[in-house]
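Summary of structural features
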Amino acid sequence: MLRQSVMGSDLSYEDMMDDRKLTDVYTANVIGHEDLDGRKTYILELKAKVTDVSYYSRKMWIDSERFVP
């Protein structure tokens with residue numbers, strides 16, 4: 001049941017229960033910049049350092065002023 005999607009998204013309940021820090025699980029690289037809703041963001045590509053993760057790679061947009069996803 002934990003592997004079911006949350007409200008029809010790609011995110012699962014199991015994903016939300018993982019309490020490890022992203023820096024312990026992934027290596028991050030800035031691969032670009034993009035404006036979203038008038039805010040400048042960094043685009044990060046995360047690659048897994050460990051094998052027991054739900055997603056081998058992830059892409060995140062981080063606000064370049066506030067440093068929040």
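My aim in this report is to walk through the structure given alongside it, one point at a time. Here the structure is a predicted model, which is why all the values come from computation and not from measurement.

On to the overall build of the chain. Within the chain, the secondary structure is distributed over 2 helices and 3 strands. For the chain, with 69 residues in total, the buried portion stands at 22%. In the chain, the proportion of contacts linking residues at least 24 apart, taken out of those at least 6 apart, comes to 28%. Of the roughly 5,700 Å² of accessible surface on the chain, a fraction of 53% belongs to carbon and sulfur atoms.

What follows concerns the side chain of Asp 63. Tracing the sequence through the fold places Asp 63 in strand β3 (residues 57-63). We classify Asp 63 as buried; its relative accessible area is 9%. A polar contact is formed between the side chain of Asp 63 and the side chain of Arg 39, at a distance of 2.7 Å. Within polar-contact distance, the side chain of Asp 63 engages the backbone nitrogen of Arg 66 at 2.8 Å. The contacts of Asp 63, once residues within four sequence positions are left out, are Arg 39, Lys 40, Thr 41 and Val 68.

Residues Val 25, Tyr 26, Leu 44, Leu 46, Ala 48, Val 53, Met 60 and Ile 62 constitute the largest nonpolar core, which totals 8 residues. Contributions of two or more residues to this core are made by β2 (39-48) and β3. Per-element tally for this core: the top contributor is β2, with 3 residues. Once you skip the residues sitting within four places of it in the chain, Val 25 turns out to touch Arg 20, Lys 47, Ala 48, Lys 49, Val 50 and Val 53.

Glancing now at the packing of aromatic side chains. Per the counting criterion, the structure on display carries 1 aromatic pair. For the pair Tyr 42 and Phe 67, a centre-to-centre distance of 6.5 Å together with 20 degrees between the ring planes defines the contact as stacked. On the criterion of sequence distance, the pair formed by Tyr 42 in strand β2 and Phe 67 in the segment after β3 is long-range, its members being 25 residues apart.

The rules behind these values
Residues numbered from 1 in each chain as written. Predicted model: local features only at pLDDT ≥ 70, side-chain atom pairs only at ≥ 80, totals over all residues. Heavy atoms only, no water. Helix = DSSP H or I, 4+ residues; strand = E, 2+ residues; numbered from the N terminus. Buried < 20%, exposed > 50% of the residue type's maximum accessible area, 1.4 Å probe, protein only. Contact = heavy atoms within 4.5 Å. Areas by Shrake-Rupley, 256 points an atom, 1.4 Å probe, with all protein chains shown as cover. Polar contact = N/O pair within 3.5 Å; in protein donor to acceptor, adjacent residues only side chain to side chain. Core = buried A, V, L, I, M, F, W, Y, C linked by side-chain atoms within 4.5 Å. Phe/Tyr/Trp six-rings, centres within 6.5 Å; stacked < 30°, edge-to-face > 60°.

Taken by themselves, the reported measurements are silent on function.
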